[in-house]
Amino acid sequence: AAQRLHKGYDDDGWLDPDPERALHWLVRAGELGDGEAAYAAAQELTSVPARADPETAADLYRIAADDGNLDASVKWARMQLLGEDDGADFFAGLEELNAIAASAPLSAIGPLSQLVSATKDDLEDGNRAAEHELFFGLAYANGIIFPVDHAKAEEHLRRSVDLAEP
């Protein structure tokens, strides 16, 4: 029913178009366990600045990930690693990425490379640089996404320490 209401309020729906109500019902469908709706709602909540709601997006990505959506799993892990929602759990994010890499190494290559690329872009923009360096350091140290490389791990961890506020 929530999915039908979402489609009804969508631009080409059978009700008067209302983007806010459409999003509300899409979120509700996701919260009720519809993995596709959860992913679509999370995408909208993270890509449209006026609708930004990282906490709800993280919950919805988790629902979509539990429904088997690999991209949602990577995005949820990234939010945990980078502290992009109030309830972020860095080590749960690492654990999720490790599970992805171990269970589906070939299918995980695309989403994981997007994660690395997005994290590098954020790093270059100077956003939360210490956390990003910590992420890369731990990834290299533990062989998550990248092959184990202790020299690169040390380099990124040192940068993280240098960038951290006292």
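The model shown is predicted, which means the values in this text are computed figures rather than measured ones.

Some points on the nonpolar core
- If you look at the biggest cluster of nonpolar residues, it comprises 34 residues, and the most contacted ones within it are Leu60, Tyr61 and Leu81.
- Of all the secondary structure elements, the ones that give two or more residues to this core are helix H2 (19-31), helix H3 (35-47), helix H4 (54-66), helix H5 (70-81), helix H6 (90-103) and helix H8 (129-142).
- Residues in contact with leucine 60, not counting those within four places in the same chain, are Val27, Gly30, Glu31, Ala38, Ala41, Ala42 and Leu45.

Things to note about the pattern of salt bridges
- A complete count under the given rule lists 9 salt bridges for this structure.
- Across the salt bridge formed by glutamate 20 and arginine 51, the nearest N and O atoms sit 3.2 Å from each other. Placement of glutamate 20 in helix H2 and of arginine 51 in the loop between H3 and H4 is noted, with a sequence separation of 31 residues between them.
- On the basis of relative accessibility, which here comes to 16%, the residue arginine 51 falls in the buried class.
- Residues joined in a network through salt bridges with shared partners are Glu20, Glu44 and Arg51.

A few points about H5
- Given a rise of 1.5 Å per residue, 12 residues ought to cover 16 Å, and the 16 Å separating the end C-alpha atoms of H5 matches this to within 8%.
- Burial analysis of H5 places 10 of its 12 residues in the buried class, which makes it a mostly covered element.
- Along H5, the positions that sit buried rather than exposed are Asp71, Ala72, Ser73, Val74, Trp76, Ala77, Arg78, Met79, Gln80 and Leu81.
- Where H5 begins, the side chain of asparagine 69 points an oxygen toward the backbone nitrogen of aspartate 71, at a separation of 3.0 Å.
- Directly beyond the C-terminal end of H5, a positive phi value near 65° is found at glycine 83.

Observations regarding H3
- Its 13 residues place the ends of H3 18 Å apart at the C-alpha level, agreeing with the 18 Å of an ideal helix rising 1.5 Å per residue.
- Buried within H3 we find Gly35, Ala37, Ala38, Tyr39, Ala41, Ala42 and Leu45.
- Of the residues that open H3, the one with a side-chain oxygen 3.1 Å from the backbone nitrogen of glutamate 36 is aspartate 34.

Quick word on the environment of alanine 139
- Mapping alanine 139 onto the fold places it in helix H8.
- The class for alanine 139 is buried, based on a relative accessible area of 1%.
- Between the C-alpha atom of alanine 139 and that of lysine 152, which follows or precedes it by 13 residues, the distance is 9.6 Å.

A look at the packing of aromatic side chains
- The final tally for this structure, using the stated rule, is 1 aromatic pair.
- Sitting above the plane of the tryptophan 76 ring, arginine 62 keeps its charged end 4.5 Å from the centroid.

Description of the side chain of arginine 51
- At 3.2 Å, the side chain of arginine 51 and the side chain of glutamate 20 are in polar contact.
- Other than its neighbours up to four places away in sequence, arginine 51 contacts Pro19, Glu20, Leu23, Glu44 and Leu45.

A short note on the confidence of the model for the protein chain
- Scored by pLDDT, the protein chain comes out at a mean of 79, with 80% of its residues at no less than 70.
- Ranking the elements of the protein chain by mean pLDDT puts helix H7 (residues 105-125) last with 58 and H4 first with 94.

Quick word on the packing of H5 against H6
- Interhelical geometry of H5 versus H6 gives an angle of 150° and a closest axis separation of 7 Å. One way to sum up the angle between H5 and H6 is to call them roughly antiparallel. Seen along the crossing, H5 lies across H6 with a hand that is left-handed. Where H5 abuts H6, its residues Leu70, Ser73, Val74, Trp76, Ala77, Gln80 and Leu81 lie against Phe90, Ala92, Gly93, Leu94, Glu96, Leu97 and Ile100.
- Per-class residue counts for the contact of H5 with H6 are 10 nonpolar, 3 polar and 1 charged.

Rules behind the numbers
- Residues numbered from 1 in each chain as written.
- Predicted model: local features only at pLDDT ≥ 70, side-chain atom pairs only at ≥ 80, totals over all residues.
- Heavy atoms only, no water.
- Core = buried A, V, L, I, M, F, W, Y, C linked by side-chain atoms within 4.5 Å.
- Buried < 20%, exposed > 50% of the residue type's maximum accessible area, 1.4 Å probe, protein only.
- Helix = DSSP H or I, 4+ residues; strand = E, 2+ residues; numbered from the N terminus.
- Contact = heavy atoms within 4.5 Å.
- Salt bridge = Lys/Arg side-chain N within 4 Å of Asp/Glu carboxyl O.
- Expected span 1.5 Å × (residues − 1).
- Polar contact = N/O pair within 3.5 Å; in protein donor to acceptor, adjacent residues only side chain to side chain.
- Phe/Tyr/Trp six-rings, centres within 6.5 Å; stacked < 30°, edge-to-face > 60°.
- Lys NZ or Arg CZ within 6 Å of the ring centre and 35° of its normal.
- pLDDT = per-residue confidence, 0-100.
- Axes fitted to C-alpha atoms, helices over the stretch in contact; angles between N-to-C directions.
- Parallel < 35°, antiparallel > 145°, perpendicular 65-115°, else oblique.
- Left-handed = near helix turned anticlockwise from the far one by under 90°.
- Nonpolar A, V, L, I, M, F, W, Y, C, P; charged D, E, K, R; others polar.

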